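What follows is each chain in one-letter form.
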Amino acid sequence: NGNNRWSSIPDAPTNLGLAVSDDDTIQVTWTVAENATGYTIAYGTSASNLNSTQTVESGNQSYVYIGGLSGNTTYYFKIRSDGAAGSSAYTSTASSAKTNPGNPTNLSTTSIQPTVTNFSWTAQSGATRYVYGVRKDGSTSYNFKIGSVTTNTLSLTGLTEGTGYTLRIQSQ
């Protein structure tokens, strides 16, 4: 009859997706499941030991950012739907994503000429390149010079004598 008020256990979410969004953060995405009122994401550094969880309190939400992860580390994830009548099974296959290496440390500079500055930093384990952006003092954009290098050194040329610059660099 039309007055059935029984709730169904929600379907498991589908299309689990992962994207590294920062050195210590992974975005988890999925397709919303029917009858879901929320989701539970289990994750960890071993596919057989997903000992951390993150809950999402909305059945209409299709993503969450999980932060505070260790850099240069592979994480495994699975997800289930939660509903008024119970929870679905977790997705059967845990997906994995590797966070970026940590940011460069021990940055040092050497001015060779008034218009040339060399930078060096401690190489990060697992980094395959370092992406950089430079902005002139007074600018809000890091587009004065942009690029990437595969070593832990960088030589910036074409600088203006007496002008301040800010370097932003990230390991990848």
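Residues numbered from 1 in each chain as written. Predicted model: local features only at pLDDT ≥ 70, side-chain atom pairs only at ≥ 80, totals over all residues. Heavy atoms only, no water.

**Q** A description of the sheet that holds strand S10 (residues 116-122) should follow, citing residues and the corresponding values.
**A** Spatial ordering of the open sheet is given by S9-S10-S13, a layout of 3 strands whose pairing is antiparallel. Unpaired on one side and paired on the other, strand S9 (105-113) and strand S13 (153-156) mark the two borders of the sheet. Averaged over all adjacent pairs, the angle separating strand axes in this sheet is 15 degrees, with direction ignored. When S9 meets S10, the two strands line up antiparallel, connected through 6 bridges. Residue Ser108 lies in a different strand from S10, and its bridge partner there is Ser120. (Pairing = 2+ DSSP bridges. Helix = DSSP H or I, 4+ residues; strand = E, 2+ residues; numbered from the N terminus. Axes fitted to C-alpha atoms, helices over the stretch in contact; angles between N-to-C directions.)

**Q** Give a detailed account of the pairing of strand S3 (residues 38-44), specifying residues and quantitative values.
**A** Most of S3 is tucked away: 7 of the 7 residues are buried. Covered by surrounding structure in S3 are Gly38, Thr40, Ala42 and Gly44 together with Tyr39, Ile41 and Tyr43, the residues of both alternating faces. Both S3 and strand S6 (residues 74-83) contribute to a ladder of 7 bridges, which runs antiparallel. Note that in S6 the partner of Gly38 across the bridge is Asp82. (Buried < 20%, exposed > 50% of the residue type's maximum accessible area, 1.4 Å probe, protein only.)

**Q** Describe the nonpolar core, listing the residues and the values that go with them.
**A** Most often, soluble globular proteins keep nonpolar side chains buried together rather than apart. Residues Trp30, Tyr39, Ile41, Val64, Ile66 and Phe77 are the most contacted members of the largest nonpolar core, which totals 16 residues. For this core, the secondary structure elements donating two or more residues are strand S2 (25-31), S3, strand S5 (63-66) and S6. Discounting residues that sit within four places of it in the chain, Trp30 has contacts with Pro13, Thr14, Asn15, Tyr39, Ile41, Val56, Gln61, Ser62, Tyr63, Val64 and Ile79. Counting residues in each nonpolar core, the second largest holds 11 residues, with Phe119, Tyr130, Tyr132 and Leu159 among its members. (Core = buried A, V, L, I, M, F, W, Y, C linked by side-chain atoms within 4.5 Å. Contact = heavy atoms within 4.5 Å.)

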